[in-house]
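# An overview of the molecular structure
Next come the chains, spelled out residue by residue.
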Amino acid sequence: MTMRGDVILFWVTAAISVGTAFGVVLHRNPVRSALFLVINFICLAVLYLMQNAQVLAVLQILVYAGAIMVLFLFVIMLLNLGGEMATADPLVGQRFVGVLLGLALLLGIGWAINSVGTQTGANAVNTIAAGRAAIAAQQNVTQPQLIGWDIFTKYVYPFELTSFLLLVGVIGVIILTKRQPATVTIDGNP
Amino acid sequence: MAIPSTYYLALSAILFTIGAVGVLTRKNPIVIFMCIELMLNAVNLTFITFSRSQGFDGQIFALFVMTVAAAEVAVGLGIIVSIFRQRHNIDVDEVSLLKG
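From a predicted model like this one, the values you see are computed outputs, not experimental measurements.

### Section: the overall build of chain A
Across its full length, chain A carries eight helices and zero strands. Overall, chain A shows an N-to-C arrangement of helices and strands of α-α-α-α-α-α-α-α. Residue pairs at least 24 apart in sequence account for 48% of intrachain contacts in chain A once pairs closer than 6 positions are excluded. With the model as given, the accessible surface of chain A reaches about 12,100 Å², and the carbon-plus-sulfur share is 73%.

### Side note on the overall build of chain B
The helix and strand tally for chain B stands at three helices and zero strands. Taken from N to C terminus, the helices and strands of chain B fall in the order α-α-α. Here chain B has a C-alpha radius of gyration of 17 Å; the compact-globule value for 100 residues is 13 Å, and the former is much larger. Each of the 100 residues in chain B was classed as buried or not, and the buried ones make up 60%. Taking contacts inside chain B between residues at least 6 apart in sequence as the whole, the part at least 24 apart equals 54%. Within the structure as shown, chain B displays about 3,800 Å² of accessible surface, and the carbon and sulfur contribution to it stands at 68%. Distance from the positive charge centre (6 side chains) to the negative charge centre (6 side chains) of chain B: 5 Å.

### Considering the pattern of salt bridges
Residues and elements named next belong to chain A. Scanning the entire structure with this criterion turns up two salt bridges over all chains. The partner of D6 in a salt bridge is R4, with the nearest N and O atoms 3.6 Å apart. Accessibility expressed as a relative area gives 28% for D6, which makes it partly exposed. Take R4: its relative accessible area is 40%, and that puts it in the partly exposed class.

### Digging into the layout of surface pockets
In this structure, the second largest pocket occupies an estimated 370 Å³ of space. Of all the secondary structure elements, the ones that give two or more residues to the lining of the second largest pocket are α1 (5–26) and α4 (94–119) of chain A together with α1 (5–25) of chain B. Of the residues in the lining of the second largest pocket, the class split is nine nonpolar, three polar and four charged.

### Notes on the side chain of T49 of chain B
Locating T49 of chain B in the fold gives a position in helix α2 (residues 29–54). According to the relative accessible area criterion, T49 of chain B is buried, its value standing at 2%. Once residues within four sequence positions are removed from consideration, T49 of chain B is found in contact with Q51 of chain A together with S5, Y8 and L9 of chain B.

### Some remarks on the environment of V21 of chain B
In this fold, V21 of chain B is placed in helix α1. Owing to a relative accessible area of 15%, V21 of chain B belongs among the buried residues under this scheme. Taking the C-alpha atoms as reference, V21 of chain B lies 8.4 Å from C35 of chain B; in sequence the two are 14 residues apart. Beyond its immediate sequence surroundings of up to four residues, V21 of chain B is in contact with G98, V99 and G102 of chain A.

### Digging into the confidence of the model for chain B
Residues and elements named next belong to chain B. Across chain B, pLDDT averages 87, with 95% of residues at or above 70. Looking at the elements of chain B, mean pLDDT is at its lowest for helix α3 (residues 57–87), recorded as 89, and at its highest for α1, recorded as 92. Taken together, the chains of this predicted complex give a pTM of 0.84 and an interface ipTM of 0.89.

### Some thoughts on the confidence of the model for chain A
The predicted model of chain A has a mean per-residue pLDDT of 82, with 76% of residues at 70 or higher. Within chain A, the lowest mean pLDDT, 52, falls on helix α8 (residues 181–187) of chain A, and the highest, 93, falls on helix α2 (residues 30–50) of chain A.

### Some details on the packing of α2 of chain A against α2 of chain B
At their nearest, the axes of α2 of chain A and α2 of chain B sit 11 Å apart, and the two run at 5° to each other. The pairing of α2 of chain A with α2 of chain B is recorded here as roughly parallel in orientation. Contact residues: α2 of chain A offers P30, S33, A34, L37, N40, F41, L44, L47 and Y48 of chain A, while α2 of chain B offers V31, M34, E37, L38, N41, N44, L45 and I48 of chain B. The class makeup of the residues in the contact of α2 of chain A with α2 of chain B is twelve nonpolar, four polar and one charged.

### Some thoughts on the nonpolar core
Across soluble globular proteins, you tend to see nonpolar side chains buried next to one another. Within the largest apolar cluster, 46 residues are counted, with the highest numbers of intra-cluster contacts made by Y48, F72 and L79 of chain A together with I30 and M34 of chain B. Mapped by element, the contributors of at least two residues to this core are α1, α2 and α3 (54–79) of chain A together with α1, α2 and α3 of chain B. With ten residues, α3 of chain A is the largest single contributor of residues to this core. Core analysis: the second largest hydrophobic core is formed by eight residues, I151 and Y155 of chain A together with F56 and F64 of chain B among them.

About the thresholds
- Residues numbered from 1 in each chain as written.
- Chains lettered and ligands numbered in written order.
- Predicted model: local features only at pLDDT ≥ 70, side-chain atom pairs only at ≥ 80, totals over all residues.
- Heavy atoms only, no water.
- Helix = DSSP H or I, 4+ residues; strand = E, 2+ residues; numbered from the N terminus.
- Contact = heavy atoms within 4.5 Å.
- Areas by Shrake-Rupley, 256 points an atom, 1.4 Å probe, with all protein chains shown as cover.
- Rg over C-alpha atoms; globule rule 2.2 N^0.38 Å.
- Buried < 20%, exposed > 50% of the residue type's maximum accessible area, 1.4 Å probe, protein only.
- Lys, Arg positive; Asp, Glu negative; His and termini not counted.
- Charge placed at Lys NZ, Arg CZ, Asp CG, Glu CD.
- Salt bridge = Lys/Arg side-chain N within 4 Å of Asp/Glu carboxyl O.
- 1 Å grid on protein atoms, 1.4 Å probe; cavity = no way out; pocket = protein on both sides within 12 Å on 5 of 7 lines; lining within 4 Å.
- Points joined across faces, edges and corners; volume = space filled by probe spheres on them.
- Nonpolar A, V, L, I, M, F, W, Y, C, P; charged D, E, K, R; others polar.
- pLDDT = per-residue confidence, 0-100.
- Axes fitted to C-alpha atoms, helices over the stretch in contact; angles between N-to-C directions.
- Parallel < 35°, antiparallel > 145°, perpendicular 65-115°, else oblique.
- Core = buried A, V, L, I, M, F, W, Y, C linked by side-chain atoms within 4.5 Å.

Here it is as structure tokens:
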């Protein structure tokens, strides 16, 4: 079998994403971890694009690599944290048990994927999806239009709920990080 | 449609596991948050992989996961900043008492 472009792209992206994920977990310096995480998000956006999810790929770059990681880096640099100090560990064997539990989790998910693959055939193309794609191609409707249609019809209440959730998040952050009035007058800067 | 869905699912499982191990072993809460983001992204990859064969619902779920992640990061980092103001140390082993 000859190596095609998409196969090579998949393996390269998968290798980079796994490597950067290890970098996030293993690196002592949180700034480096954050930068590894940015690369990981970009790799995932490439994987989304390879699976025909263009909207999500763009949102991944904008929301995750753009907004969320800037917030992370901002807080890391605001708090000016160094690496973790190698002090005595109050939880004995935390690393060992953590890795062990992780391996158990991986085995469990692997078993689930295996059973899904054999039972319902995850690789089989669903006829409904194929039919919708065919209709969309016929009527010259693009995929973002279909997703927007679904959001504002089938999922309109969850969509409105997310706006409420974001509002609650904004109010919560303001209340959490607001300085007390007394300290404002002493410091002189809000 | 060349690469089977199973490969994407396996990659997602590996990324999720790495994130989970990070949450279990790291002590810096900011890094723990990043590992949670890693796990959420792995779940998004699974959603999008299934939306390839099952319609657009998976992609819309992934969109909701992104908004929830954004709100969660904002609130979580706010909590970390306010803990840092009180204690000047955010190591999760040090901040293990539910006392102000």
